[in-house]
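Examination of the molecular architecture
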Amino acid sequence: MVEKILDIYPISILDADMGCKNIVLLAVEHRHTQLYEKVVSRKSLNESAFHAVDSMGNSTLHLAATLSYYQPYPFEVCSSANAMGNQMVQGM
């Protein structure tokens, strides 16, 4: 759906929500890697969309780095290294 919108209205890549987040920031924030890759691969892009910051001053790098709550797998990976990593994070 996003691709169709960008095909018809390429300037819509700059549209933002109430938090000043454009499609690039939202894709990163919600870990929609396929959408992010599709947006990046478009030939006619407005590069300012990738330099945008939201209303809190967060860039794509900030949003990607603050995903501590994100669990990439619906199950717990059992290993001693993972257990130690979890203990370190919980102890901080």
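In this text, all values refer to a predicted model and were calculated from it rather than measured experimentally.

Notes on the overall build of the protein chain
The helix and strand tally for the protein chain stands at 5 helices and 0 strands. Reading the secondary structure of the protein chain in the N-to-C direction produces α-α-α-α-α. Residues classed as buried in the protein chain amount to 22% of the 92 residues present. The long-range fraction of contacts in the protein chain, counting pairs at least 24 apart against all pairs at least 6 apart in sequence, stands at 58%.

A short note on the nonpolar core
Counting residues in hydrophobic clusters, the biggest one holds 6 residues: Leu6, Ile13, Ile23, Val24, Val39 and Ala49. Every residue in contact with Ile23, bar those within four places of it in the chain, is listed here: Val2, Ile13, Asp15 and Leu35.

Some details on the environment of Val39
Within the fold, Val39 resides in helix 3 (residues 33-41). With 26 residues separating them along the chain, Val39 and Ile13 place their C-alpha atoms 8.7 Å apart.

What counts as what
Residues numbered from 1 in each chain as written. Predicted model: local features only at pLDDT ≥ 70, side-chain atom pairs only at ≥ 80, totals over all residues. Heavy atoms only, no water. Helix = DSSP H or I, 4+ residues; strand = E, 2+ residues; numbered from the N terminus. Buried < 20%, exposed > 50% of the residue type's maximum accessible area, 1.4 Å probe, protein only. Contact = heavy atoms within 4.5 Å. Core = buried A, V, L, I, M, F, W, Y, C linked by side-chain atoms within 4.5 Å.

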